[in-house]
Amino acid sequence: RYAASAAASRGRLHVEPACATRSEFQRDRDRILHATAFRRLTYKTQVFLFHEGDHYRSRLTHSLEVAQIARAVARQLCLDEDLAEALALAHDLGHPPFGHSGERALDEANRTLGGFDHNAQSLRIVMGLERKYSAFDGLNLSFETLEGLAKHNGPILAAATDNPLARVIGRMREWQDFDLATWPTAEAQVAAMADDIAYATHDIDDGLRAGLISFDELERAPLVGQFTGGIGTSLDAGRQHYELTRRMITALIRDLVWESRKRLSGLAPTSADDIRQAGLAVIAFSPRTGQELARLQQFLFARVYRHPRVVHVMEGAESIVRDLYARFLRDTDALPPAWRTGIAGLAGRKQARVIVDFVAGMTDRYAIVEHRRLFDATPELR
């Protein structure tokens, strides 16, 4: 009874006839999968750039892995798997080229106009920037999917003037009451926790593959060390790494399901609104695992994300994004023809917003190609 109900969905901004073969949340999932922005995730950075190796995660493969974990958890908790999957697939649609490095560059370059936030950009994409349907812009997703994307990290408590997410939600409020102070559905919380599981475990795998961390080092790392025992040194490196991450994913899912069942039992919710009004996260890790996972994230930040090799590449990537934004802002004739047409007649904040949308939508490789077209020298991202 506490699961989100597709049959009782609050609907869509633009009313559409029901589908004879799919629920409302299944339609949302399918629209996300067929979106242009979803395909572009193929060439958007997770940690390592696309040309550094074919086996590193991209934003697309990361999103697929998050979706698999979200489905598994939702099934165990008797939630709507389709809504959890849709949110998992869509959660990174707004990432610009080069991942968080591109996000930092756009945020700094656009600070006077409110900055840049990839969660807010995900909403902009599904609400308007995807343009393929004859009757409306965007994907016209259901209320529950939009709410889950908006509250991916929980309630939005900052003032609307200070928070990019809250500003984007202003348009949605014309249609529905998106209470920024409440939690989203349990399905949205599952997708957020699945994201934590996926990136923590798979960034370990990628870090090992890249030689930034060693297996011996992980024996002493937070959370990870308890899973390294008994993994035979006679195994080749690939099998070692997979056995480690497999154990971690299994244990983290088990802990998440156990703690969430405990919280659900204590709350005894009888509707999805009871989850929204709970005042705390209902889907969560046990306190000890949550603390260990936070320590692991600090370890990965120091040993992988801020590794000198990664920092060197990402500093060059940030400069590419900054250069492109600045060039298009002062010279709109440098934009591709379709975007020049779209920006005609705009000025100030509106013009800058279109340029942000254009740069944010680029893949890593397209950003590199555009920079080479427009500048005499482009950083070598290696």
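Reading guide: rules and limits
- Residues numbered from 1 in each chain as written.
- Predicted model: local features only at pLDDT ≥ 70, side-chain atom pairs only at ≥ 80, totals over all residues.
- Heavy atoms only, no water.
- Helix = DSSP H or I, 4+ residues; strand = E, 2+ residues; numbered from the N terminus.
- Rg over C-alpha atoms; globule rule 2.2 N^0.38 Å.
- Buried < 20%, exposed > 50% of the residue type's maximum accessible area, 1.4 Å probe, protein only.
- Contact = heavy atoms within 4.5 Å.
- Areas by Shrake-Rupley, 256 points an atom, 1.4 Å probe, with all protein chains shown as cover.
- Lys, Arg positive; Asp, Glu negative; His and termini not counted.
- Charge placed at Lys NZ, Arg CZ, Asp CG, Glu CD.
- Core = buried A, V, L, I, M, F, W, Y, C linked by side-chain atoms within 4.5 Å.
- 1 Å grid on protein atoms, 1.4 Å probe; cavity = no way out; pocket = protein on both sides within 12 Å on 5 of 7 lines; lining within 4 Å.
- Points joined across faces, edges and corners; volume = space filled by probe spheres on them.
- Nonpolar A, V, L, I, M, F, W, Y, C, P; charged D, E, K, R; others polar.
- Salt bridge = Lys/Arg side-chain N within 4 Å of Asp/Glu carboxyl O.
- Phe/Tyr/Trp six-rings, centres within 6.5 Å; stacked < 30°, edge-to-face > 60°.
- Axes fitted to C-alpha atoms, helices over the stretch in contact; angles between N-to-C directions.
- Parallel < 35°, antiparallel > 145°, perpendicular 65-115°, else oblique.
- Left-handed = near helix turned anticlockwise from the far one by under 90°.

Caption draft 1: View of the overall build of the chain. Across its full length, the chain holds 17 helices and zero strands. Against the globule reference of 21 Å for 382 residues, the chain gives a C-alpha radius of gyration of 21 Å, in line with a compact fold. Principal axes of the C-alpha set define a box for the chain whose edges measure 60 × 50 × 40 Å. Considering the chain as a whole, with its 382 residues, one finds that 56% of them fall into the buried category. In the chain, the proportion of contacts linking residues at least 24 apart, taken out of those at least 6 apart, comes to 73%. Accessible surface for the chain amounts to roughly 17000 Å². Of this, 50% is attributable to carbon and sulfur atoms. Of the charged side chains in the chain, 49 are positive and 50 negative, and the gap between their average positions amounts to 1 Å.

Caption draft 2: Layout of the nonpolar core. Formed by 117 residues in total, the largest nonpolar core has its most connected members in Leu123, Ile204, Leu296 and Phe328. Element by element, the count of residues in this core is highest for helix α9 (residues 186-210), at 13 residues. Ignoring anything within four residues of it in the chain, the contact list for Leu123 reads Leu146, Leu149, Ala150, Leu165, Val168, Ile169 and Met172.

Caption draft 3: Spatial organisation of empty space enclosed by the protein. Within the structure shown, the criterion is met by two cavities of 30 Å³ or more. If you go around the largest cavity, the residues you meet are Leu13, His14, Val126, Met127, Asp137, Asn140, Leu141, Leu146, Arg171, Met172 and Trp175. Only α6 (118-129) and α8 (164-173) provide two or more residues apiece to the lining of the largest cavity. A class-by-class count of the residues in the lining of the largest cavity yields seven nonpolar, two polar and two charged. There is about 40 Å³ of room inside the second largest cavity. Lining the second largest cavity, in full, are Val47, Phe48, Glu52, Arg309, Val310, Val313 and Met314. Each residue belonging to the lining of the second largest cavity can be placed in one class, and the counts come to five nonpolar, no polar and two charged.

Caption draft 4: Focus on the environment of His62. Turning to its location among the elements, His62 is positioned in helix α3 (residues 59-76). Taking relative accessible area as the criterion, His62 reaches 2% and is therefore assigned buried. On a C-alpha basis, the gap between His62 and Pro287 in space is 26 Å, while along the polypeptide they are 225 residues apart. Each residue touching His62, except ones within four places of it in the same chain, is listed here: Gln46, His91, Asp92, Asp195, Ala198 and Tyr199.

Caption draft 5: Spotlight on the pattern of salt bridges. According to the stated counting rule, one finds 36 salt bridges in the structure shown. Among the salt bridges present, the one from Arg12 reaches Glu24, with a minimum N-O distance of 2.7 Å. Taken together, the residues Arg12 in the segment before α1 (24-33) and Glu24 in helix α1 connect sequence positions twelve residues apart. Here Arg12 falls in the buried class, since its relative accessible area comes to 8%.

Caption draft 6: Main features of helix α7 (residues 143-150). The buried fraction of α7 is high, at eight of eight residues. For α7, the set of buried residues is Phe143, Glu144, Thr145, Leu146, Glu147, Gly148, Leu149 and Ala150. Close packing links the buried residues of α7 with α1, α4 (81-90), α6, α8, α9 and α12 (272-276).

Caption draft 7: Main features of the packing of aromatic side chains. In this structure the tally under the stated criterion is eight aromatic pairs. Consider the rings of Phe328 and Phe358, whose centres lie 5.3 Å apart with planes at 65°: the pair is edge-to-face. With Phe328 in helix α14 (residues 308-330) and Phe358 in helix α16 (residues 348-360), the pair connects residues that are 30 residues apart, well separated along the chain. Each member of the pair Phe328 and Phe358 is classed as buried. Here a set of aromatic residues connected by ring pairs shows up, and it is made of Phe328, Trp339, Phe358 and Tyr366.

Caption draft 8: Expanded view of the packing of α3 against α9. Where α3 contacts α9, the two axes come as close as 8 Å, and the packing angle between them is 125°. Considering their axes alone, α3 and α9 lie oblique with respect to each other. Both α3 and α9 take part in a crossing whose hand is right-handed. On α9, the residues touching His62, Glu65, Val66, Ile69, Ala70, Val73 and Ala74 of α3 are Val190, Ala191, Ala194, Asp195, Ile197, Ala198, Tyr199 and His202. Classifying every residue of the contact of α3 with α9 gives eleven nonpolar, two polar and two charged.

Caption draft 9: How the structure looks around the packing of helix α5 (residues 99-109) against α14. With their axes 8 Å apart at the nearest point, α5 and α14 run at an angle of 40° to one another. Compared by their axis directions, α5 and α14 come out oblique. Here α5 runs over α14; the crossing is right-handed. Facing α5, whose interface residues are Ser101, Gly102, Arg104, Ala105, Leu106, Glu108 and Ala109, α14 presents Met314, Glu318, Val321, Arg322 and Tyr325.

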